[in-house]
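Tertiary structure, described
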Amino acid sequence: MNIHEYQGKEILKSFGVAVQEGIVADTVDQAVEAAKKMKSDYNSDWVVIKAQIHAGGRGKGGGVKLAKNLDEVKERASAILGMQLVTPQTGPEGKKVNKVLVAQDVYYPGASETKEFYMSVLLNRTNGTNIIMYSTEGGMDIEEVAEKTPHLIFKEDIDPKVGLQGFQARKIAFNLGLTGAAHKEMVKFVTALYKAYDATDSAMFEINPVLKTSDDKIIAVDAKVNLDENALFRHKDYAAMRDTAEEDPTEVEASASNLNYVKLDGNVGCMVNGAGLAMATMDIIKIAGGEPANFLDVGGTANAETVKAGFNIILKDPNVKAILINIFGGIVRCDRVAQGVIDAYQEIGNVPVPIICRLQGTNAEEAKKLIDESGLQVYSAIALQDAANLVTKVLA
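None of these values were measured; they are calculated from a predicted model.

Reading the values: rules and limits
Residues numbered from 1 in each chain as written. Predicted model: local features only at pLDDT ≥ 70, side-chain atom pairs only at ≥ 80, totals over all residues. Heavy atoms only, no water. Helix = DSSP H or I, 4+ residues; strand = E, 2+ residues; numbered from the N terminus. Buried < 20%, exposed > 50% of the residue type's maximum accessible area, 1.4 Å probe, protein only. Contact = heavy atoms within 4.5 Å. Areas by Shrake-Rupley, 256 points an atom, 1.4 Å probe, with all protein chains shown as cover. Lys, Arg positive; Asp, Glu negative; His and termini not counted. Charge placed at Lys NZ, Arg CZ, Asp CG, Glu CD. UniProt positions renumbered as here; feature names shortened; annotations may be inferred. Pairing = 2+ DSSP bridges. Expected span 1.5 Å × (residues − 1). Arc of directions from axis to C-beta. Core = buried A, V, L, I, M, F, W, Y, C linked by side-chain atoms within 4.5 Å. Axes fitted to C-alpha atoms, helices over the stretch in contact; angles between N-to-C directions. Phe/Tyr/Trp six-rings, centres within 6.5 Å; stacked < 30°, edge-to-face > 60°.

**A closer look at the overall build of the chain**
In terms of helices and strands, the chain carries 13 helices and 18 strands. The buried share of the chain, reckoned over its 396 residues, is 48%. Across the chain, the fraction of contacts at a sequence separation of at least 24, relative to all contacts at a separation of at least 6, is 66%. Split by element, the accessible area of the chain, about 18800 Å² in all, is 51% carbon and sulfur. Here the chain contributes 42 positively and 53 negatively charged side chains, and the mean placements of these two sets differ by 3 Å.

**Let's talk about the UniProt feature "binding site: substrate" (unreviewed entry) in the chain**
In the numbering adopted here, UniProt assigns the feature "binding site: substrate" (unreviewed entry) to Asn273, Gly330, Ile331 and Val332. What stands out for the annotated residues spanning 60 residues is how close their C-alpha atoms remain, the widest pair being 10.4 Å apart. Here Gly330 shows up in the loop between strand S16 (322-329) and helix H11 (334-348). Relative to the helices and strands, Ile331 resides in the loop between S16 and H11.

**Concerning the pairing of strand S7 (residues 115-124)**
Both faces of the sheet carry side chains from a regular strand, because those side chains alternate between them. The sheet contact formed by S7 and strand S10 (residues 202-212) spans 7 bridges and is antiparallel. Within S10, the position partnered with Ser120 by the bridge is Glu206. As consecutive antiparallel partners, S7 and strand S8 (residues 129-135) are separated by 4 residues, and within that stretch Gly128 has a phi angle of approximately 75°, a positive value.

**Here we look at helix H9 (residues 275-287)**
Between its terminal C-alpha atoms H9 stretches 19 Å, which fits the 18 Å expected from 13 residues at 1.5 Å a residue. Regarding H9, the residues found buried are Ala278, Thr281, Met282, Ile284 and Ile285. For H9, the arc enclosing every buried residue in end-on projection is 165°, short of the 170-degree limit, so these residues lie on one face. Exposed residues on H9 whose side chains face more than 90 degrees from its buried face are Gly276 and Ile287. On the buried face of H9, the contacting elements are strand S14 (268-272), strand S15 (294-297), S16 and helix H13 (384-395). The positive-phi residue at the C-terminal boundary of H9 is Gly289, with phi of around 100°.

**Let's talk about the nonpolar core**
For soluble globular proteins, the rule of thumb is that nonpolar side chains tend to be buried together. Counting residues in hydrophobic clusters, the biggest one holds 39 residues, and the most contacted among them are Leu12, Met119, Ile132, Met186, Phe189 and Phe205. Residue assignment for this core shows that the elements contributing at least two residues are helix H1 (5-14), S7, S8, helix H5 (166-175), helix H6 (180-199), S10, strand S11 (218-220) and strand S12 (224-227). Residue contributions to this core peak at 10 residues, all from H6. Look past the residues within four positions of Ile132 in its chain and what remains in contact with it is Met119, Ser120, Val121, Phe154, Lys155, Glu156, Ile158, Leu164, Ile172, Val190 and Tyr194.

**Quick look at the sheet that holds strand S3 (residues 64-67)**
Each strand in a sheet pairs with its neighbour through backbone hydrogen bonds, running either in the same direction (parallel) or in the opposite one (antiparallel). Pairing is antiparallel across the open sheet formed by 4 strands, whose spatial order is S1-S6-S2-S3. Of all the strands in the sheet, just strand S1 (22-25) and S3 have a single pairing partner and so form its edges. Strand-to-strand, the axes of this sheet are offset by a mean angle of 20°, without reference to chain direction. As paired strands, S1 and strand S6 (residues 100-104) are joined by 4 bridges and run antiparallel to one another. Across the sheet, residue Gly22 finds its bridge partner in S6, namely Ala103.

**Regarding the packing of aromatic side chains**
Per the counting criterion, the structure on display carries 3 aromatic pairs. Centre to centre, the rings of Tyr134 and Phe154 are 5.3 Å apart; their planes meet at 20°, and the pair counts as stacked. Here Tyr134, found in strand S8, pairs with Phe154, found in strand S9 (residues 153-158); they are 20 residues apart in sequence, far enough to count as distant. A relative accessible area of 1% places Tyr134 in the buried class. For Phe154, a relative accessible area of 24% corresponds to the partly exposed category. Connected via pairs of aromatic rings, a cluster forms that spans Tyr194, Tyr197 and Phe205.

Structure, rendered in structure tokens:
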């Protein structure tokens, strides 16, 4: 589950990670008041207006602007709030900005130069450890750094059984070229950051940039946080941070029906039980000359209600020209799924596209008989190849 920058910073701050302070605003007037509070609380004459959407590259798209006075705060907030922000991660359609973060200016002059770093904590699936990735090249596209100057990206594997060790935190600070007070501050920062990642059951923490200020403080200027949805039952307060306005409405609806749905760009809708079978189904659709329009896993307990919900979600895609239902009856009986398909079809009424229903496993023959005798526009199949041939036929 992705969350906004300001929410990520709230989590980091609760674990002792120093962050760029800010106040979230929904309106221009709130943004002006937030800027005044930045001045009174942090003596920040300048503020940064930052669009809050679930995507990176906001600055490149015009979603991050510096404001040097209240008039500029009003101007910048007016321009950003409500805009359709397009970044490399949103796609050409962009995302509407409903909130901005009014953040303090942390690039103030001082005894030393400011310096930006990159740092992220995530799971290294190759060896089953956590990993801290970091670089001296912060504030820019880390993928570009990895491609052009891979020697500037460092990695530190951390055994989750023992956690981050002191020598590892010191090694990170040393590799970033820090000395004196800045070195000590970075050690504290890394230690607190890893603690936050571990305690929140997160999938990823990405801080870009981590800033060394002119007075040698180390702070998180940005925060991209992805929480593990499977662990949210342990973190009810974090689950409440979900912003469904930032998600695909169809995927939100599917989630409410306990369906795993991902929209794709094809013309054949899929309804399958089990992720592995779903992948095989998408392969057979391509072999048959179609393109999968979605990934939809109804789980191991498919019934009339889940089938109906699946139909409704698939049919919202105007590109769908056919629906392939591919169910393996292991836990669930095929005849019950078939009856669910018939009930859902009759309840929905007019289903404008042909449906191919391939049921295999327990009571598969009975299921085929139910569908064949239903009188509905549903083509039944038992073998996967038969289903593929039917896809080819209906798309012709």
